[in-house]
Structures are given as C-alpha cells and as structure tokens.
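# Report on the structure
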Amino acid sequence: MVVGDVTTGTDVLVIGAGPAGYVAAIRAGQLDLDVTLVEKDAYGGTCLNYGCIPSKALITATDIAHDARNAEQMGIHADPAIDLSGMVSWKDDVVDQLTGGVEKLCKANGINLMEGTATFTDESTVRISHDGDGQGSETLEFEHAIVATGSSPIEIPNFSYGDEPVLNSRQALSLDSVPDSLVVVGAGYIGMELASVFAKLGTDVTVIEMLDEMLPGYDDDLKRPVKQRATDLGIEFEFGYTAAEWSEREDGSGIRVVADPVDGADVAADGGTAAGETEVEAEDEDENEEPAPLELDAEKVLVAVGRRPVSDTLDLDAAGVDIDDNGFIETDSRARTSVDHIYAVGDVAGEPMLAHKGSMEGQVAAEVIAGEPSAIDYQAMPAVVFTDPEIATVGMTETDAADAGFDTVVGTFPFRASGRALTTGESDGFVKIVAEEDEGYVLGASIVGPEASELVAELGLAIELGATLEDVASTVHTHPTLSESVMEAAENALGHAIHTLNR
C-alpha cells in the first residue's frame, strides 16, 4: 500500500461496466449483495457506446435513406440529402440516453460506482487507479470478483489506429463526413455491416479478405443473399488478400493500400475463376506464377479483422487466474476461473463475443455468488449479423445435428412467398428449421432476410422449452406478418405447408 492509499471493501467487485459487467452488478444488487462496479471509460462498455448500439443506429438511418432512394417500384421518388454529422449527432443522443439509463439503474440497485482502472495485487485485493492529476489510487478488498473487461479491436502491422486515414470500427462510427472511397480490411460481421452502411451513404467500398469467402462460419445459403445485395450496392470484393501497408498518395488525393496475396488462397474476386477467364485458360497458366499484390486507392481504410480480449491490464498472474494462449480467461459452466471466488464473463471469457451472451454469463456469475443453482447454457444462444439482409442463427445446423447423432428433418419457407415480406419490398431469403425426425423436437434454425434478428427469438424459445415442430406449426401467427414464415417453415418440415411446396 502506498502512502495516502485508502482501503475499502466489498462483497462483489465487478470490473467493467459493459453489458456483461453492469448486468452482473445489477443482478448481484438484486440478490442483496454489496457490489462495487469499476469502469475506466463509459457505462455500457464498447457495445453501448462504440459498437452494437451506435452501429445499429447508423444502419437504421442509412437504410431509411437507401430505401427512400430506391422505392420507385412503390411509386415513391426521392433523393434524400445525407448529413452525416447530423446522423452521428442523433446516434450520440441515443447512446447518451442509454448510458445514462445504465448509470441510473446501477445506482437504483445500490451499486457503488467507481471510475478507474483495476489491477489485481493478489487474489482478494485490487488497486484502483484514477485518471487525472492528483486523483491517485485506492485499494479495494473483495470476497468475490467478476472480470468483465470486454475486448478491443485487433490492430494489424503497419495500420495504426493513431494514423488519421486508418479507422477502427469505433472511429468509423464517429466520422463527420462521408468518405468518397473506403477500403475495408476484413469481411467478418463488423466489416460487412459497416461496408454496407458506407455503400448506402454513397462511398465506393472495396473489401479485402484473406479467406476465400465472406462471413466465415455461416452456411453458404445464408451468405448468398447478403453477397448479392452487397454486390448490388457496388461493394467490390478481393478475396485471398491481406493488407500489407498504406501510404499517402503523392498528389495528396488520399491513400494507397497495398494488399499481398495469401499463399494458397484463391484470389479471384468471386471466390472462383478470375473474372473474364475460363476454367481452361486458368488451368493453362503457369502454376508457379505468383499473383501480383493489389494496389487500391481510397480516402480511408477501415480495419475490421476481429477483436481481442482485454486481459493484459489486469495483472491476472497476481491473482493466480489462468488465461489461454489467446488471452481469454478460462472459465467453467458457472463462470468461475481457476480461482474459485473470481469469475469472468463476456468477451474476456471467450467466444462467441456477443453482448447477450455476456449478459447471460453476468447473471449466472451473480447468482452463483449468491448461492443460487445457476449455470451457463449455450444451447439456445442466438447469433445475428446485421447485414442487408440480416442473418440470424440459433441452436444446431444440419451438420451439427448429424455430428451429434440426430436423424433430422428440415423445413424451409422463402420470404418471396410471404405476403408481408412482399409488402415491405424485402423478400430475399428464407427461414430454415432443423428438427429431430422421430419426435420433432426443434434443434436449430437459420434465417436470412428481413427482421431475422427479431424472428430468431421465437425459435430460440422453442429450443429452450423443448418445443416440437407441431408446437410451432399449431401456434396461430398473426396475418400478415413475417413471423408466419416461422410457422410455415415448421409446417413444411411436417409436410403440410400451405404457402410453399412441401419437401
């Protein structure tokens, strides 16, 4: 302890006030525990301040402008003007309202809020360093700790986020003007969501991806409508390349991004034979010839190659907490680390990095600390990509179910057969349900199309409750709604769908 240090104590210390941490703190407060929540930046964490909420706000705003501009078939002719600074200001107002709400909820549940950075000094004590001159630090003793420090954008060599033309997702969401052109490095969910946002704002977008496909981990039939919509928006793809360096153009008109081909990757932009080249011609080329690097001119470059856990600032060794080779804190089904009274939740505790997954883990950690019989169950954990159209999944895919030994039956329903989808002008995509063949228990579902993020909740509930295809199909759904597509997919699996041909 340093001279002048103040020592206080708490039942539960929560480090990080993102959707995992603040939920853990509130739940622990509800269970009558004395809780201290430490946050070094902003209540709500990355998700609320710099990720989930602001990105969805801009997605909504740009969708409105894009839909108005492309609604001639509905008899609407418009050319809306884009004021990005005004759009960002509105987004910031939404964020401020929510962050203020989180702080009020925490205080209402009796949580002691502290601003600062927590570092373990041993397995029952942390040092809280406060920012600012003369703020100093203090020592906090705890009976239980919940680590919820989240994640941060991965930075790649030669692309420092401190360089003005180089953006991470947080910086991209705060631009005050629309770039004329943008190179996006990474075709994962963050890269694809933001690529669509800027394309709809009128930016010329090129996406570089080291793999030979976008959105790795999702089935091809789900990605196909998204790839087509992106192409329709004018987004260009360069698969099989990795960003190597950037430089200012000599004429001062922007930057030049150099991308090197990945060894062994298919570098054709469509994931197959290069454009304008037949398969026979491709086979006749010198197999030993190395593909040339790409040189792409742009105003900005957005790096979206993933996120890493924020665990290196905590001095976890001092507390005896184990981490894996990637920096994730290892936990069990009750969110406990290698030290029984220290817990980890959210992004820092491993994949998948999902806000709702972190919130669930935070509740479990708080309940376990309070002596409740709670445990983590990922069986019905949904995942959503807010591209255009949206992708949502929950539970098992057909392959997952087969690997687990299930005989399955599958039902699908295309949105082009949905009256409600047609009236919205968004009819690309489908609902797919995977069920166990004998009893019809719902095992999983995949959706690509309008409001997929909302529709997936019904199927998550079906999995959680052990519902069958018959349960879903016999539940009366309001007409005309998109949710009828879920009912029809279940009926299709049973062989008696009304509005599509049965399997």
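Everything here concerns the structure above.
Just so we're clear, the structure is a prediction, and the values are computed from it rather than from any experiment.

### Quick notes on the overall build of the protein
Tallying secondary structure elements over the protein gives 15 helices and 22 strands in all. In summary, the protein has a C-alpha radius of gyration of 25 Å against a globular reference of 23 Å for 503 residues, a match within 12%. Considered along the principal axes of its C-alpha atoms, the protein spans approximately 75 × 65 × 50 Å. Within the protein, contacts between residues separated by at least 24 positions form 63% of all contacts whose residues are at least 6 apart in sequence. Summing over all exposed atoms, the protein offers an accessible surface of approximately 23,500 Å²; the carbon and sulfur share of this is 47%. Taking the 26 positively charged and 96 negatively charged side chains of the protein as two groups, their mean positions are separated by 6 Å.

### Re the pairing of strand E11 (residues 236-239)
The pairing of strand E10 (residues 204-209) with E11 spans four bridges and is classified as parallel. Residue Val-207 lies in a different strand from E11, and its bridge partner there is Phe-237. Handedness of the crossover is the feature at issue here: the chain leaves E10, passes through helix H7 (residues 220-232), returns alongside E11, and the resulting connection is right-handed.

### Focus on the state of the cysteines
Note: disulfide means a covalent bond formed between the sulfur atoms of two cysteine side chains. Per the stated rule, a full pass over the model turns up one disulfide. Note that Cys-47 is cross-linked by a disulfide to Cys-52, the S-S spacing being 2.4 Å. Here the S-S torsion is close to -125°, and the disulfide linking Cys-47 with Cys-52 is therefore left-handed. Classification of Cys-47 as buried rests on a relative accessible area of 18%. Taking the relative accessible area as the measure of exposure, Cys-52 reaches 30% and is therefore partly exposed.

### Observations regarding the sheet that holds strand E9 (residues 181-185)
Taking strand neighbours across the sheet as the criterion, the five strands line up as E8-E15-E9-E10-E11 in an open arrangement whose pairing is parallel. Two strands lie at the open edges of the sheet, namely strand E8 (166-167) and E11, each paired on one side alone. Along the sheet, helix H6 (residues 189-200) contacts E9, E10, E11 and strand E15 (300-303); its crossing angle with E10, the most-contacted strand, is approximately 165°.

### Some points on the packing of aromatic side chains
Here the structure, examined in full by the defined rule, presents two aromatic pairs. Relative to Phe-142, the ring of Phe-120 has its centre 6.0 Å away and its plane inclined at 80°; by these criteria the two rings are edge-to-face. Of this pair, Phe-120 sits in strand E4 (residues 117-122) while Phe-142 sits in strand E6 (residues 137-147), and the two are 22 residues apart along the sequence. Residue classification places Phe-142 among the buried residues on the basis of a relative accessible area of 6%. Measuring from ring centre to ring centre gives 5.4 Å for Phe-237 and Phe-239, while their planes differ by 5°; the resulting arrangement is stacked. Of the two residues, Phe-237 and Phe-239, neither departs from the other in class, the shared state being buried. Its guanidinium or amino end placed over the ring of Tyr-50, Arg-170 lies 3.5 Å from that ring's centre, counting from NZ or CZ. A cation sits over an aromatic face here: Lys-227 above Phe-237, 5.2 Å from the ring centre.

### A closer look at the layout of surface pockets
Its volume calculated, the second largest pocket comes out at about 800 Å³. Taken together, 33 residues form the lining of the second largest pocket, with Asp-63, Asp-67, Lys-200, Asp-388 and Glu-426 sitting closest to its centre. For the lining of the second largest pocket, the elements supplying multiple residues, two or more each, are helix H3 (52-69), H6 and H7. Of the residues belonging to the lining of the second largest pocket, the class tally is 12 nonpolar, 10 polar and 11 charged.

### A word on empty space enclosed by the protein
Taken as a whole and judged by the stated rule, the model has one cavity of 30 Å³ or more. There is about 50 Å³ of room inside the largest cavity. Lining the largest cavity are Pro-153, Ser-169, Ile-190, Val-303, Ala-304, Val-305, Gly-306 and Arg-307. The class makeup of the residues in the lining of the largest cavity is five nonpolar, two polar and one charged.

### Description of the nonpolar core
Grouped together as the largest cluster of nonpolar side chains are 42 residues, with contacts concentrated most on Val-205, Val-207, Met-214, Leu-215, Ile-235, Phe-237 and Ile-391. Taken together, the elements giving at least two residues each to this core come down to H3, helix H4 (84-108), E9, H6, E10, H7, E11 and strand E18 (383-385). Among the elements that line this core, the one with the most residues is H6, at seven residues. The next biggest cluster of nonpolar side chains, apart from the first, holds 30 residues, and it includes Ile-26, Val-35, Ile-146 and Ala-335.

The rules behind these values
- Residues numbered from 1 in each chain as written.
- Predicted model: local features only at pLDDT ≥ 70, side-chain atom pairs only at ≥ 80, totals over all residues.
- Heavy atoms only, no water.
- Helix = DSSP H or I, 4+ residues; strand = E, 2+ residues; numbered from the N terminus.
- Rg over C-alpha atoms; globule rule 2.2 N^0.38 Å.
- Contact = heavy atoms within 4.5 Å.
- Areas by Shrake-Rupley, 256 points an atom, 1.4 Å probe, with all protein chains shown as cover.
- Lys, Arg positive; Asp, Glu negative; His and termini not counted.
- Charge placed at Lys NZ, Arg CZ, Asp CG, Glu CD.
- Pairing = 2+ DSSP bridges.
- Right-handed = clockwise from strand over helix to strand, strands pointing away.
- Disulfide = S-S within 2.5 Å.
- Buried < 20%, exposed > 50% of the residue type's maximum accessible area, 1.4 Å probe, protein only.
- Axes fitted to C-alpha atoms, helices over the stretch in contact; angles between N-to-C directions.
- Phe/Tyr/Trp six-rings, centres within 6.5 Å; stacked < 30°, edge-to-face > 60°.
- Lys NZ or Arg CZ within 6 Å of the ring centre and 35° of its normal.
- 1 Å grid on protein atoms, 1.4 Å probe; cavity = no way out; pocket = protein on both sides within 12 Å on 5 of 7 lines; lining within 4 Å.
- Points joined across faces, edges and corners; volume = space filled by probe spheres on them.
- Nonpolar A, V, L, I, M, F, W, Y, C, P; charged D, E, K, R; others polar.
- Core = buried A, V, L, I, M, F, W, Y, C linked by side-chain atoms within 4.5 Å.

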